[in-house]
Each structure stands twice: as structure tokens, then as C-alpha cells.
Amino acid sequence: MGKDRRKKLHLSKIYSFRRGKGGFKDDNAQIGGPGFSRVVYCNEPGGFEATTKNYASNYVRTTKYTAASFLPKALFEQFRRVANFYFLVTGSLSFTSLAPYSAVSAVIPLIIFIGAAMVKEGIEDWRRKQQDIEMNNRKVKKHRGGGVFDHTEWRNIRVGDIVKVEKNEFFPADLILLSSSYDDAICYVETMNLDGETNLKLKQALEDTSYIHDDENLSDFRATIKCEDPNSNLYAFVGSMEFEEQQHPLSPQQLLLRDSQLRNTDYIYGAVIFTGHDTKVIQNSTDPPSKRSKIEKKMDKIIYFLFGVLFMMAFVGSIYFGIVTKDDLEGGHKRWYLKPDSAKIFFDPKRAPMAAIYHFLTALLLYSYLIPISLYVSIEIVKVLQSIFINQDIHMYYEETDKPAHARTSNLNEELGQVDTILSDKTGTLTCNSMEFIKFSVAGTAYGYGVTEVEKAMAKRNGSPLIVNGKDYGVEDRAHGAKKSSIKGFNFDDDRIMDGNWVNEPHSDVIQNFFRLLAVCHTAIPDLDEETGKVTYEAESPDEAAFVIAAKELGFEFFNRTQSSVSVNELDPVSCKRVERSYKLLNVLEFNSSRKRMSVIVRDEEGKLLLLCKGADSVMFERLAINGRKYEEETREHVNEYANAGLRTLILAYRELSEEEYQAFNEKFVEAKNSVSADRETMIDEVAKKVEKDLILLGATAVEDKLQEGVPECIDKLAQAGIKIWVLTGDKMETAINIGYACSLLRQGMKQIIINLESPKITELEKVGDKDAVTKASRESVLQQLMNGKFQVAASSSEAFALIIDGKSLAYALEENIKKLFLELAIGCASLICCRSSPIQKALVTRLVKEGTKKTTLAIGDGANDVGMLQEADIGIGISGVEGMQAVMSSDISIAQFRFLERLLLVHGHWCYRRISSMICYFFYKNVTFGFTVFLYEAYSSFSGQPAYNDWFLSLYNVFFTSLPVIALGVLDQDVSARYCLKFPLLYQEGVQNVLFSWRRIIGWMFNGLCSAIIIFFLCTKALDPQAFNKDGKVAGYQILGATMYTCVIWVVNCQMALALSYFTLIQHIVIWGGIALWYLFLLAYGAMSPSISTTAYKVFVESLAPSPFFYIVTIFAVISALTPYFVYNAIQLRFFPMYHGMIQWIRHDGRCDDPEYCNMVRQRSIRPTTVGFTARSLARTNPLEMENIN
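The protein chain appears in an unreviewed UniProt entry as Phospholipid-transporting ATPase from Abeliophyllum distichum. Under the UniProt heading Cofactor (unreviewed entry), the entry covering the protein chain gives this text: "Mg(2+)". According to its UniProt record, the protein chain has this under Sequence similarities (unreviewed entry): "Belongs to the cation transport ATPase (P-type) (TC 3.A.3) family. Type IV subfamily."

Right, here's the structure in full:
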């Protein structure tokens, strides 16, 4: 029935654990208990039992706001900022009689800036809303009843529904796979939306539900699923299905996750178990850790400082005002114009204390212009624009994968210019993670003449020729370029093996078993091109792909996989012809980071039961049988040689199983697999350990993971910039050390402090098996080694040290009472390499550096094992490589290649740091200049609460006349060009040392603003009073004085911007001079309005200012006088005490940028004896005395 529509078995390319029908015994005891309480009634979602469960609907909302909550929540978000809350308070008080200005003029700017921020929030949330609408309105076929399926929206799906998902459609909820278009009920799933991985995953339904091959079969289908409660673990699932009065275990093999896509399968039937926000993908969609830059945190402190200044000014002025007001009782009313006799309370001499209190509140309103209301909004705008420039940088675009740089957050732009320590993964980050099979060892004999980049670097370091098999690879590479295989993943060269010559080797039977293991022991999926007959492979890792490709090229072509078999075309050593052989696949014991090995159990055509195993040498050698160690010594030597050459190694071994042994194992394995508990994986591992023993050693593989292009050059530049680079890797110590040499993290003559637990005492204790004694001895050993290392570093300040520590030692070094010593030693070394480190150790080291040094840390990685490290660091950089997108999705910024880090930090990082720092300093400068003129005028008017300026002059200062130049500064200014940033990495130290945003510099800019305010105020007041202002002999009133002072302030702060800029563009000219022009246009337009609107500004420009030459003379003198102190200070500093960027500007100005000798001299100022990189290595080799003399 419907069989003609279903695909045949031979198309299935699946591996799975052997299915068992064993009972559950007591293993299902957790079902119904805490964490395992979900019960799903399949195909009857509207039943009474189902409706009582009240599970979540399938409607998903990812928006931050709703229509009802947007206004209150968005307002709350804005007024959480202390500055915004202050302006809300002052805006509210402006409606009282305390306000020295109109309420409208105070509230409008607040509405503009808060509104702009809310509009930005609203637009972002609206985009999320549109995505939600599109997602919730997708269609899927749902079983209506009676074997009939109708299309319905995703939002209408309920727990217990049966859905039919067709090819290339996404799963609308978390489903249990019931059946598919394949006979063996399997399907292919792409999980790119979950983990970024593009390789297809295989899922398989229970055998008992695989009969469902047509819609009609579901009319009477009923089952009850009991499983775990909703959780975020994508890779685990525990449950059971009660079907036809039998219990069947459910595992991740049957789970189809929402937002995964059905591929290469016509259709599947699935039962909905988790909907909406209960689905695993939504459970995982928590916000990443909130990160704020150090500059932003410091900016908050500056705001608090200005609040302190503001309150102090108001307090002092109020005390003075109270004293003077009280004095008005005597001496004939000195301030007669305030009419103290008829004053109510504000100027009543009899109630002076209350008058002082009221004045304090008025002063708080009046001096509020010290606080830059537009600061936060302007910085957000600038950071977004900076991120766009980063995203659009063609020099960080990787054409091969069509991936540009992508700033996933704009909060940390300036932090890119302050990085002190980089913590980097190795595989896929420094290297390509594109493995090439290059060498192997079988039966104690090494094969393969390939030469790795590490070996070339070692030969170059030692100054010796690299001769292999009679060829000088150094000369050959220089003359002709390295010989490169045309087959991706295979770069093996040895005439003894190639073209079937291995059959003539002394141990050809061992070689045959070795190649057979490579062809059978894996989880790859073959894809046969029927037109060309070529087989390609879909593998879970680059290593796996390299092994099956190598087996294919060496005569063992894996070409087909079904649920229960693996087929290989083997080269028969007797007939020298290809023979097709099939191996019955009984069990797959999968690889994981704790097991560090994988095995398959197969039955060959002769009926033999074989366990084939491959894994890391740290776990494999200990599992060898006594009679299986024949080649152990030679293999260990070869593995060490391969590690020294920078190769990744695996040990291959096998054993034959008896029927009785296998049956015993399989019963326990099925029992463990059927266990419905959180400990299922642990139980499976324990059972696997008991069979993965007494192995017979075959040999070892060696694959090369080449360094990415430009890595040594990038590390060299970053090292010259003064950035410390630490490598955290899971590789062997020897491999990591030699990769360190290849990428110039290590150099000849650098003393290595190696910390491990390979002492005879610990080895002896491990043999005895006393775990407590081993732990105590290991801790003491690590502590002693760290203390010895610290003593070595302290004893020599001119030598470079490298700290190299393995994962076991690192576990003790990170303990609470030891980690401080470890950090001190690590900081004192030029480089650090942590080997065999786990993901949690990577994150803990990152946290230790971040919290211990209080300096900016950057973590960079490409795999899921790097996620913790990326989230823990101040800045997380994800490499969009071949290990999926989990690191990218958890990062703050993603790049395609490690070498792009050079430009990201040295160019964009420096620019963003300088721009944001200068922008914030200038913001405070212009507000201090403006605010203090208000204060000085109020003091001049006896602290009477009289504002110096018209209400709208006050309000629009930050909104229009001075806002755009500072944004242009933050986006476009360049102290030096990108070429000079890269040519002189020393420049980066400005950010690391934070010289551009130190308290000294911030206070200096504020002092500059104070000086400008004093000069403008006193020049204007002394020049305009009491002389005649125009030809009619009229003196200047406070309206004229206020407008003149305001004009001077506008000119001074905009011209100050012009002086501070290093790089003029047309946009800067427009916004600077345009801001000044806008002031005059506004003064004309506003002054032309009726007096009830323009008040003190009524025709002040046309009738009073414009006709008077005195107005222009005062303006010119004020601008020159106010800017002279800054100009003189800047000229002296640039000429006699230049900072790093000043030195480079002088080099460019003097035309010495093309003088290699002079440029090298400047660059070498950034080289220290402890600096890594090939430039430092070259300098140390050619002139070691000079290195010692560099300060």
C-alpha cells in the first residue's frame, strides 16, 4: 500500500546504535518525576487529558515590546540612565515657578532625544515583529482526522498534533519522527539555523512506527509519549513512547527540532511534543552576556562627576544668594531692582533660608546644561556608523567563502583599540581546519615523504637544509613552489604505498587491516554521482573526511552505507583487483571529548566480529593488549615525530570479539541505551569502556592542519603593537609548541617553562591507583613548578620566556589558591600555550586574565568549544570557518580569517578608540564652556536665577548648533591613515595605555572649556559695558549681551572642533561651518517672530547686532582669545612632547615615511626582549645586544 511511492533501502546511508527491544526494567522510574513530567497524547490534541495539560501554544514572540507595553517599557529603558532621569526631573520642574526658562523649551529637547532613542528601539523591534509574523504564518500539513491533512499556520499547531513535513520545509515545532518516505524510516536534517552546521544529520524513527507510509495509516494511530520537560539541551533527549501496549525508548535519534530543515527526503510524519517557547531552539535563544566597554563605564563616572560639580555650584551659589538676600534688609536694599519689599518668597529678605533653598532648585535647572543631553544618542549613532564601516571594509572580505567582517554588536567598537591580551584557539583559528592526510605509521614503519610548514619553519630556525628522500625541500620550494596534491584532503607521497605497491611491503596484512579500518570506522556519508561514478563524502569533521579520502586513494573505497551495513571496494592483495566487500554494522560507539575515541563493531563476510577503534594516543595506548603492543615503541616514536612536525595524530587498533563476549556486551549496551534517565550517556560510556580494551595496535595516522594565510605576519604585527598572544588548544604539547614556532609565537633562544605532571613520583602513584595521593602530589608539583618559573622570570628581565602548560596541570593551576601565582607567571612571560585544554578551562583562563589584570581581553575561536571563552572575554571574535557557526553566533564580531584581526584591531580598533575618546572629551568641553558662561552670568547677576540666554538658545545648543560636528568627528576623523596604522603598530599602545581617555586628559578638556567660558564671558561683559553699543549711544542690554556671548560660544566650540580634527573631509566642513551659519539663520528667523514667542530675541540680530561693528570685533577677539591657550598647548606638545600619533604625523610631514632606516628605528621602539613575532626573532638573531639595550 503506497509502496511505489517509497524509496528503497539502498538509498539509506545511516549509521545508528543497534536497535534493542529490551524492557525498561526500572530505568523509566524518572518519567513523571521532576524534570520528566511531560505527557503527550499523539493524534488527540483536543482530548480531555491533553487540554488539562495547558502546554504553551506554538505562537512565538521574539519582540522586546508589545503594542501595549512599548511606551512604558521603552520609557523605563531610557530613564534608567541617570542623565536622562535627571533631565526628566528638570523637565518636570520647568512647569513650576522655580524654572528660569519656559517649560516648552526645556521639554522639547528631552522629547527629541528620548524620542529618537525610542524610535530606534521601535524600528529594531518592528523588524523582529515582521520576522515573527512571517514565522508564525508559515504553513504546514496537519492531520485533521480520518487520514486527512490540511494546511494550517504554524501558530495553530498544538502538542499532540501529527504533522506532515515535506522536502525542504522547516519543522514547525519539536517533533518525534514517526516515519518517512524511506523504507527504513530515516530522514536527512540540516541544522544550520540551530548550530550553523551545513552537514546533514540523520534521524531514524522507531521500527514500530515505520509502517506509517501513507496518510490513511494515521487515521487510527494513537500513542502516548512521556518525556523530559522543556530544556535548552539541543543534543540530548530522554523519553519513551507507549504504543500498542508496549514501551519504546526515545532518543535524540528520533527528535526533529524546530527550525531545522528537511533535506533529501520527500516527507516525514511527526508527532508534536514541544511547541512555541517550549521548543529547544527558543529555549536556547537567550540574550548573550551584556558587555559594556570600559570607556562607556568611565563615561558614567564622568557624568556623576559633573553632577557633583553641578550640585556644588548650585549649593555654593544658593548659600551666597541666601546671605546676600538677608543683607537686603540692611543698607537700603542694595538689590533694589529685585523689589525685596514686595517679594513673595524667592527674594524675601525675611525668609532668606527658604529663598536659598528655592534658589538651589532653580540653579539645578539652570546649570543642567553642564550635562550633555545628546551624548548617549550621539554615541549610539556614531557606533552604528562605525560598525557599518567595519562591515564594508573590503580588506576584511574573504572572497573564497564570500564572507565579510560582521560587527554583531556596536557596543564594543572602541574596545577593539584597547586589547591587551588575545586568547586564541589553534585549530581552525590559527590553522585552516582543512585536514590533509600526509603521513602514517603501520607495523612500526613510517610512510610518507610529505613536508609540513612546521618542518620548514624548524629547518629555517635551525639554519639547516630540509632534505627528505633525497630532495632539498627548501631549495625546491623556493625554485618551483611546493608540490601540491590535486585531491583535497590527501597530500600523501610514498612510492612504497601508492599505486597498490603496499602489497609488496613486509607487513602487507597489517597495512590491509589499517586501510580497512580507515574505510569502515567512521560516520561519513558517501554521495555517489551516478553520471561520473565519483564518490564524495559528507563527514562530521575535516579529520574524518581526510581519512575516508585517504582510504579511497590507497585502494579501499567506501561507497555505500545503509542502516546496517558498510560497503567498501577493497584492493585484494592476492589478485591485485578491486573486490566489493560488505561489513554488517552492529554498533557505533561515537566519539566525544571525554572518550577521545570512536569505535565500530562489524561482522565481516567471513562471520568474524571485529571491533575497530581509533583515538588519541593518551587513551589508546593504555587500552592495548599485552600481545597487541608489538609495534608500540616504534609507533610512539613516530607519533612524537609527527607531533614535532605539527601534525595531528590518531592511533588505530582493533580486536576480534567472540560471540559470547559480544552478546554480553550488547545486552548491557542495549540496556544502557534504553535507559530513560539523565545518566544515559555516562552509562553508555561505561559499557563501551569494557569492550574497548585488549586492542591490537595497527599504527597511527598523521594529518596536517596548515596555518592560515598571513598568520605569522599578523601575529608579528600584533606583537609589535604590544599585544600579548596566548594560545589555548586541545592538541598535544609537541604539536602546539611546533605550531608556535611556525607562527612566530616562539623563537629560538626563548626559554620555555614547561609545566606538566610527568614526574616519576606521580607516574608511580598513578600505577598504584591512589587517587587522593595522585591529586595531592599533582597539586604540589604544579605549585612548585609555578614558583620555580616565577623565580626564573624575576631573575632575568632581559630574557624572553614562554610558558607551556598541559590540561591536567592547568586544572590545578586554576584552583583558587594557585591561580594568582599562575597569572603572575603568565603575565611575566612573552607567550603562553595551554595544551590539552578543555572548553571550560579556556573560559576559566579567559576570566582569570580579565579579572586579574583589569585590562581588555579578546578571545578568538571558530568552534562550539570556544563559545564559553568568547562570551567570557571582553570581546569575542568568531571565525566563520568550517566548524559550523556556533562561535560566530556567540561572538561580538565575526571575521573569516585570523589575519583580518590585524586590520580590525590596528586600524579600526585604533580609529574607533580615538574617535570615541575624542568625541566624549569634546562633548564635555563644549558643555562645560556653555554651562559655565551660564553660571558666570548668574554669579554676575548676584545669583538671581537670571539665565544669560533666551530659552530657545539654551534648548537648541545641543540639538542643532553643536551636535553634527561631534558626530562627524566620531565617524570620520583619522589621526593617521590605515597604511601608517599598519606600518607603525606602536601607535596601538595609545589605546592599551588609554592615554586618550585618561582622567588627566578628560579634566584637561574640561579645564579648556572652563578657560574658554571665562575668556568669553569677561571679554563680552567688559567690552560691552558700559560703552555705547551703537551709533545712537545706547548701551548693550542683557539681551544683546546674551546673544553676543552665545555667538562667541558657537564660534569657539566649532572652531575648537576644527583645530582638534586631524583629517578634514567635505562633510566636516559642512557640519562645522554649517552649524555656525545655522545659528545666524535661526537668529534671523526666530527674531522675526512676534515678541510673545521670540521674547528677548525679538529682532535682536537685525536691529542691534548686525548693524554694530562692535559685535563682530568682540566675536573675533573672543574666538582668538579663547582658542589661543589650546593652540599654544597643542603646538608645544606636538613639537616637544609628541604622543605616538604625533611622532608618525611628523614622519609624514617631514617626508621621512619612505626612509627605511628611520622608520625601522621608530618601529623598533615597540620591540622588547619579550616581544614575539618574526621581526623580534630576526632582531634577536642579528643583533642580540641591541635587543638587550632596548628599554
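J.: What am I meant to see in the overall build of the protein chain here?
T.: Along its length, the protein chain carries 41 helices and 35 strands. Within the protein chain, the proportion of its 1191 residues that are buried is 57%. Counting only contacts in the protein chain whose residues sit at least 6 apart along the sequence, the fraction spanning at least 24 positions is 74%. Surface summary for the protein chain: the accessible area is close to 50900 Å², and the carbon and sulfur share equals 55%.

J.: Looking at this structure, I do not really get the UniProt feature "active site" (unreviewed entry) in the protein chain. What am I missing?
T.: UniProt records the feature "active site" (unreviewed entry) at Asp425, using the numbering of this structure. Mapped onto the fold, Asp425 is located in the loop between β15 (419-424) and β16 (431-442). Using a relative accessible area of 5% as the deciding quantity, one classes Asp425 as buried. Side chain to side chain, Asp425 and Thr429 meet in a polar contact 3.4 Å long.

J.: Explain helix α24 (residues 839-853) here, please?
T.: Since the α-helix turns once every 3.6 residues, residues separated by three or four places project in the same direction. If you check α24, its first and last C-alpha atoms are 21 Å apart, about what 15 residues at 1.5 Å a residue would give, namely 21 Å. Of all the residues in α24, the buried ones are Gln841, Lys842, Ala843, Val845, Thr846, Leu848, Val849 and Thr853. Residues of α24 that are buried make contact with β15, β29 (724-728), α22 (807-813), α23 (819-828), β33 (856-861) and α25 (867-872). Trailing α24 by a residue or two, Lys854 shows a phi angle of about 60 degrees, which is positive.

J.: Can you walk me through the environment of Ile1113 in this structure?
T.: Mapped onto the elements, Ile1113 comes out in helix α37 (residues 1109-1136). Along the sequence, Ile1113 and Ala1023 sit 90 residues apart, while their C-alpha atoms lie 9.8 Å from each other.

J.: I would appreciate a short explanation of the pattern of salt bridges in the present structure.
T.: Any two side chains of opposite charge can pair, so long as their charged atoms come close to each other. Counted by the stated rule, this structure contains 42 salt bridges. A salt bridge links Lys280 to Glu228; the nearest nitrogen and oxygen atoms lie 3.0 Å apart. Placement of the pair is Lys280 in helix α6 (residues 280-283) and Glu228 in the loop between β8 (223-227) and β9 (239-243), with a sequence separation of 52 residues. Glu228 shares its class with Lys280; the two are buried. One salt bridge in this structure joins Glu816 and Lys819, with 3.3 Å as the shortest N-O distance. For Glu816, a relative accessible area of 63% puts it in the exposed group. Where salt bridges share partners, they join Arg516, Glu570, Asp572 and Arg581 into one cluster.

J.: Please clarify how the sheet that holds strand β7 (residues 201-204) should be interpreted in this entry.
T.: Neighbouring strands of a sheet are bound in pairs by backbone hydrogen bonds; such pairs are parallel or else antiparallel. What the 3 strands build is an open sheet, ordered β7-β6-β12; its pairing is antiparallel. Each having just a single partner strand, β7 and β12 (261-263) make up the two edges of the open sheet. Each adjacent strand pair in this sheet contributes to an overall mean axis angle of 45 degrees, direction not counted. Strand direction decides the pairing type here: strand β6 (residues 186-190) and β12, joined by 3 bridges, are antiparallel. Along β12, the bridge assignment pairs Tyr188 with Arg263.

J.: Sorry if this is basic, but what is going on with the packing of aromatic side chains here?
T.: Centre distance and the angle of the planes are the two values used to describe a pair of aromatic rings. If you walk through the whole model with that rule in mind, you get 55 aromatic pairs. A ring pair is formed by Phe149 and Tyr269, whose centres lie 5.8 Å apart and whose planes are at 45 degrees; its orientation type is tilted. Of this pair, Phe149 sits in strand β3 (residues 148-153) while Tyr269 sits in strand β13 (residues 267-274), and the two are 120 residues apart along the sequence. This pair shows no difference in class: Phe149 is buried, exactly as Tyr269 is. Among the aromatic side chains, those forming a connected cluster through ring pairs are Tyr101, Tyr369, Phe930, Tyr949, Phe953, Tyr957, Phe961, Tyr1046, Trp1079, Phe1082 and Tyr1086. When the ring centre of Tyr55 is taken as origin, the NZ or CZ atom of Arg38, which lies over that ring, is 3.9 Å away.

J.: What is the right way to look at the sheet that holds strand β4 (residues 162-166) in this model?
T.: The strand order across the open sheet formed by 6 strands is β3-β2-β4-β13-β5-β11, and the pairing between neighbours is antiparallel. Here the strands that pair on one side only, and so sit at the sheet edges, are β3 and β11 (255-256). Examined bridge by bridge, β4 and β13 share 5 bridges and lie antiparallel to one another. Residue Val163 lies in a different strand from β13, and its bridge partner there is Gly270.

J.: For this particular structure, what's the right way to read a negative patch on the surface?
T.: Side chains of Asp527, Asp529, Glu530, Glu531 and Glu538 sit close together on the surface and give a patch of like negative charge. Checked against the element boundaries, Glu530 lands in the loop between β20 (525-528) and β21 (535-538).

J.: Explain the packing of helix α27 (residues 900-940) against helix α28 (residues 951-961) here, please?
T.: Angle between the axes and distance between the axes: these two values describe a pair of packed helices. Where α27 meets α28, the closest approach of the two axes is 11 Å, and the angle between their N-to-C directions is 170 degrees. Viewed along their axes, α27 and α28 adopt a mutual orientation that is roughly antiparallel. Counting all contacts with α27, which are made through Lys926, Asn927, Phe930 and Val934, the residues of α28 involved are Phe953, Leu954, Tyr957 and Asn958. Split by residue class, the contact of α27 with α28 holds 5 nonpolar, 2 polar and 1 charged.

J.: Which parts of the structure should I look at to understand a nonpolar patch on the surface?
T.: A cluster of nonpolar side chains, namely Leu1059, Phe1127, Val1128, Ile1132, Phe1136 and Phe1137, defines an oily patch on the protein surface of about 620 Å² accessible area. With 4 residues, the single largest contributor to the nonpolar patch is α37. Tracing the chain through its elements places Phe1127 in helix α37. Given a relative accessible area of 51%, Phe1127 falls into the exposed group.

J.: What am I meant to see in unusual backbone geometry here?
T.: Although it is not a glycine, Asp694 sits at a positive phi angle of roughly 50 degrees. Tracing the backbone shows Asp694 in the loop between α17 (680-691) and β28 (696-707). Phi is positive for Thr1095, close to 45 degrees, though the residue is something other than glycine. Counting through the fold element by element, Thr1095 comes out in the loop between α35 (1091-1094) and α36 (1100-1105). When its relative accessible area of 42% is taken as the criterion, Thr1095 is described as partly exposed.

J.: Would you explain the pairing of strand β27 (residues 647-657) in this entry?
T.: Remember that side chains alternate between the two faces of the sheet whenever the strand is regular. Across the 11 residues of β27, 8 count as buried, placing the element largely inside the fold. Strand direction decides the pairing type here: β27 and β28, joined by 8 bridges, are antiparallel. Looking at the pairing, Leu647 lines up with Glu704 of β28.

J.: It is not clear to me how the pairing of strand β10 (residues 246-250) should be interpreted in this structure. Could you clarify?
T.: Note that β9 and β10 share 5 bridges and pair antiparallel. Looking at the pairing, Glu242 lines up with Gln247 of β10. In textbook terms, the turn of a hairpin is the stretch between consecutive antiparallel strands, and for β9 and β10 this stretch comprises 2 residues, one of which, Glu244, has a positive phi near 55 degrees.

J.: Whenever I open this one, the state of the cysteines confuses me. Can you help?
T.: Formally, a disulfide is one covalent bond, and it connects the sulfur atom of one cysteine to the sulfur atom of another. For the structure shown, the criterion picks out 0 disulfides. We note that Cys835 lacks a disulfide partner, and the nearest cysteine sulfur, in Cys834, lies 7.4 Å from it.

J.: Please explain the side chain of Thr362 as it appears in this structure.
T.: Topologically, Thr362 is positioned in helix α8 (residues 352-366). Excluding its chain neighbours within four sequence positions, the residues that come into contact with Thr362 are Leu98, Pro100 and Gly945.

J.: In this structure, what is going on with the packing of helix α2 (residues 70-79) against helix α4 (residues 103-136)? I would like to understand it.
T.: Where α2 contacts α4, the two axes come as close as 10 Å, and the packing angle between them is 115 degrees. The handedness of the crossing between α2 and α4 comes out as right-handed. Contact with α2, carried on its side by Phe70, Leu71, Ala74, Leu75, Gln78 and Phe79, involves Leu110, Ile114, Ala117, Met118, Glu121 and Gly122 of α4 and no other residues of that element. A per-class count over the contact of α2 with α4 returns 9 nonpolar, 2 polar and 1 charged.

J.: Honestly, the environment of Glu641 in this entry has me stumped. Any pointers?
T.: Locating Glu641 in the fold gives a position in helix α15 (residues 632-644). Taking the C-alpha atoms as reference points, Glu641 and Thr735, 94 residues apart in sequence, are found 9.5 Å from one another.

J.: Would you explain the nonpolar core in this entry?
T.: Soluble, globular proteins show a tendency: their nonpolar side chains are buried together. One finds Tyr367, Ile371, Phe924, Tyr949, Phe953, Tyr1046 and Trp1079 to be the most contacted residues of the largest nonpolar core, which totals 114 residues. The greatest single-element share of this core, amounting to 16 residues, is contributed by α27. Not counting residues up to four positions away in its chain, the partners in contact with Ile371 are Ala83, Tyr86, Phe87, Ile303, Leu306, Phe307, Leu310 and Asn927. Counting 78 residues, the second largest nonpolar core, distinct from the first, contains Ile511, Ala519, Val520 and Ala539.

What counts and how
- Residues numbered from 1 in each chain as written.
- Predicted model: local features only at pLDDT ≥ 70, side-chain atom pairs only at ≥ 80, totals over all residues.
- Heavy atoms only, no water.
- UniProt positions renumbered as here; feature names shortened; annotations may be inferred.
- Helix = DSSP H or I, 4+ residues; strand = E, 2+ residues; numbered from the N terminus.
- Buried < 20%, exposed > 50% of the residue type's maximum accessible area, 1.4 Å probe, protein only.
- Contact = heavy atoms within 4.5 Å.
- Areas by Shrake-Rupley, 256 points an atom, 1.4 Å probe, with all protein chains shown as cover.
- Polar contact = N/O pair within 3.5 Å; in protein donor to acceptor, adjacent residues only side chain to side chain.
- Expected span 1.5 Å × (residues − 1).
- Salt bridge = Lys/Arg side-chain N within 4 Å of Asp/Glu carboxyl O.
- Pairing = 2+ DSSP bridges.
- Axes fitted to C-alpha atoms, helices over the stretch in contact; angles between N-to-C directions.
- Phe/Tyr/Trp six-rings, centres within 6.5 Å; stacked < 30°, edge-to-face > 60°.
- Lys NZ or Arg CZ within 6 Å of the ring centre and 35° of its normal.
- Patch = residues over 30% accessible without salt bridge, like charges linked within 9 Å, V, L, I, M, F, W, Y side chains within 5 Å.
- Lys, Arg positive; Asp, Glu negative; His and termini not counted.
- Charge placed at Lys NZ, Arg CZ, Asp CG, Glu CD.
- Parallel < 35°, antiparallel > 145°, perpendicular 65-115°, else oblique.
- Nonpolar A, V, L, I, M, F, W, Y, C, P; charged D, E, K, R; others polar.
- Disulfide = S-S within 2.5 Å.
- Left-handed = near helix turned anticlockwise from the far one by under 90°.
- Core = buried A, V, L, I, M, F, W, Y, C linked by side-chain atoms within 4.5 Å.

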